[in-house]
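A look at the structure
The residues making up each chain are set out below.
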Amino acid sequence: MEIKVLGPGCAKCNKTEKLIQEVIKETGVEANVEKVTDMMVIASYGVFGTPSVIIDNEVKCTGKIPKKNDITAWVSK
Amino acid sequence: MKLRSRIEALAGENTSNIPVFLSFLLGATAIYTWWVVYGFLPELSSWATYNLLPIEKGSHLGASLEFFLYDTPKVLMLLFLVVFGVGIIRSFFTPEKTRAFLSGKSEFAGNIMAALLGIITPFCSCSAVPLFIGFVTAGVPLGVTFSFLIAAPMVNEVALGLLYGLLGWKVAAIYLGTGLFIAIFAGWIIGRLKLEHHIEDWVIQTNVAALSMEEEKLTWNDRIIYGWDAVKEIIGRVWIYVIIGIAVGAGIHGFVPEGVMASVMGKGSWWSVPFSITIGVPMYSNAAGIIPVVEALLGKGAALGTVLAFMMSVIALSLPEMVILRKVLKPKLIAVFITVVATGILFVGYLFNMII
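Residues numbered from 1 in each chain as written. Chains lettered and ligands numbered in written order. Predicted model: local features only at pLDDT ≥ 70, side-chain atom pairs only at ≥ 80, totals over all residues.

Considering the overall build of chain A
Regarding its fold elements, chain A presents three helices and four strands. Along chain A, helices and strands appear, N-terminal first, in the series β-α-β-α-β-β-α. Dimensions along the principal axes, computed over C-alpha positions, put chain A at roughly 30 × 25 × 15 Å. At a minimum sequence separation of 6, the contacts of chain A that also span at least 24 residues come to 67%. (Helix = DSSP H or I, 4+ residues; strand = E, 2+ residues; numbered from the N terminus. Contact = placed C-beta atoms within 7 Å.)

Okay, structure coming up:
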């Protein structure tokens, strides 16, 4: 599973990445988490709220820190 | 997955009657309590200053402290209510919906819609660049995009809540009206100037992928949680500025003699408005820190138009935002942006000094 966290490095973005890492550890899902900070790359995903979470090329959430339950649901699908 | 959502739906059906009634009751009680406490604040602050502490009535320290003890809880309580309310309204909007709505809109009507949506669309200044690219590549006209980008920081719920709490609803309404006015006209003028070729080239060349996105369905419970999250996030961030701002304001209130600001920021001096803007533009503070100071200045003889201009230039135009926008805009467009917005603020400042 390819998980991408899009965000220029604001506090919310770091929090999001941390949450995702926690969920992965807890659920034991095989996933590759990548943080995307380059504005050009972020823009090319067509999202404009940061942080955004993209899992296997599907936008899961934009513009807010996702709830832990939601992340768990996304990765355990 | 299917089963789970069915179970959730069933659970929601079974319990929905009681929680709706209960949360209504809880909400009503909370608002009533809020109202009662709010009404008692003036007496409480006066009592705390003069009875609880050994301070004489009429002293400078007393005036400052009473002001501080009254304004701090008052402003925080108002902010709580406004941020919560706006948070619930915001849960109905997303930048994506706003973009879809604005793309292909005609110029003038588009500017008006963009400025209004700028107030209620959840958006943080750190995502100004992706938002800009998202808007422009989706066919939202440049001027309309600017109307959104100007209104979003300038007219915000924290500023409105503070202005209402400290200066009354009239000043809050004037701020809302003139802020929208500047956002609409500055955006419209930038659109008329045909500056599209001053956007950095890579923006236009960016291939925006059309990714699939699940539309979120929010219940009223979700919206209340959304509002509550907004309260935690925004008040958690600004409370310290509010307190510092009010403390500085309280100091001015108690110790600076009446009328001392009249010569610098009063109506009499024509240069006071441009001077205030020149100081305000490079300053970077949020509404929470600047408005309590502004209130104290008004009490000492500063003119409303001048103070309004100062406040707007601090909140709406800031150096960090320009640095972020520089990634997508060529220097000339940034210069035009600053000039047009500053001119609008200048106009508003003079207008209010003239009519009030």
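That shown, we press on.
What about the overall build of chain B?
Of regular secondary structure, chain B possesses 17 helices and zero strands. The buried share of chain B, reckoned over its 356 residues, is 42%. Expressed as a percentage of contacts within chain B between residues at least 6 apart in sequence, the contacts between residues at least 24 apart total 86%. (Buried ≥ 20, exposed ≤ 12 C-beta atoms within 10 Å, placed from the backbone.)

A short note on the environment of Ile356(B)
All names here are of chain B. By the secondary structure assignment, isoleucine 356 is in the segment after α17 (331-355). With 13 C-beta atoms counted inside 10 Å, the residue isoleucine 356 sits in the partly exposed group. In the structure, isoleucine 356 is positioned 51 residues away from glycine 305 in sequence and 8.3 Å away in space, judged by C-alpha atoms.

Examining the confidence of the model for chain A
Close reading of the predicted structure is inappropriate where its pLDDT is low. For chain A, the mean per-residue pLDDT works out to 82, and 99% of the residues sit at or above 70. Taking the mean pLDDT of every element in chain A, the minimum, 77, falls on helix α2 (residues 39-44) of chain A and the maximum, 87, on strand β1 (residues 2-6) of chain A. (pLDDT = per-residue confidence, 0-100.)

Overview of the pairing of strand β2 (residues 32-36) of chain A
For a regular strand, side chains alternate in direction, first toward one face of the sheet and then toward the other. Residue and element names in this part refer to chain A. Relative to β2, β1 runs parallel, the two sharing five bridges. Looking at the pairing, isoleucine 3 lines up with valine 33 of β2. Taking the sense of rotation as the criterion, the β-α-β connection linking β1, helix α1 (residues 11-27) and β2 turns out right-handed. (Pairing = 2+ DSSP bridges. Right-handed = clockwise from strand over helix to strand, strands pointing away.)

Some details on the environment of Met40(A)
Residues and elements named next belong to chain A. With respect to the helices and strands, the residue methionine 40 is situated in helix α2. Note on methionine 40: 17 C-beta atoms within 10 Å, which makes it partly exposed. Considering only alpha carbons, one finds methionine 40 and lysine 60, 20 residues apart in sequence, at a separation of 20 Å.

Description of the pairing of β1(A)
All names here are of chain A. Counting buried positions over the five residues of β1 gives four, a clear majority of the element. As paired elements, β1 and strand β3 (residues 52-55) share four bridges and run antiparallel to each other. The partner of valine 5 across the bridge, within β3, is valine 53.

Re the environment of Leu298(B)
Residue and element names in this part refer to chain B. Note on placement: leucine 298 falls in helix α14 (residues 287-299). Overall, leucine 298 belongs to the partly exposed group, with 19 C-beta atoms counted inside 10 Å. A sequence separation of 32 residues divides leucine 298 from glycine 266, and the C-alpha atoms of the two residues are 9.1 Å apart. Beyond its immediate stretch of four places on either side in the chain, leucine 298 contacts Leu304 and Val307.

Let's talk about the sheet that holds β3(A)
Think of a sheet as strands paired side by side through backbone hydrogen bonds, with each pair either parallel or antiparallel. Residues and elements named next belong to chain A. Strand order in the open sheet made by the four strands is β2-β1-β3-β4, with mixed pairing throughout. Of all the strands in the sheet, just β2 and β4 (58-62) have a single pairing partner and so form its edges. Averaged over all pairs of adjacent strands, the angle between their axes in this sheet comes to 20°, without regard to strand direction. (Axes fitted to C-alpha atoms, helices over the stretch in contact; angles between N-to-C directions.)

What to know about helix α7 (residues 142-154) of chain B
Under the 1.5 Å per step criterion, the end-to-end length of α7(B) is 19 Å for 13 residues, consistent within 8% with the ideal 18 Å. Where burial is concerned, most of α7(B) is hidden: 13 out of the 13 residues are buried. (Expected span 1.5 Å × (residues − 1).)

Some remarks on the packing of helix α3 (residues 60-90) of chain B against helix α8 (residues 157-167) of chain B
Residue and element names in this part refer to chain B. Contact pair α3 / α8: the axes reach a minimum separation of 9 Å and the direction vectors enclose 140°. In this view, α3 runs oblique relative to α8, as classed from their interaxial angle. α3 and α8 meet at a crossing whose hand is right-handed. Touching Asp71, Lys74, Val75, Leu78, Leu79, Val82, Val83 and Val86 of α3 are Glu157, Val158, Leu160, Gly161, Leu162, Tyr164, Gly165 and Leu166, all from α8. (Parallel < 35°, antiparallel > 145°, perpendicular 65-115°, else oblique. Left-handed = near helix turned anticlockwise from the far one by under 90°.)

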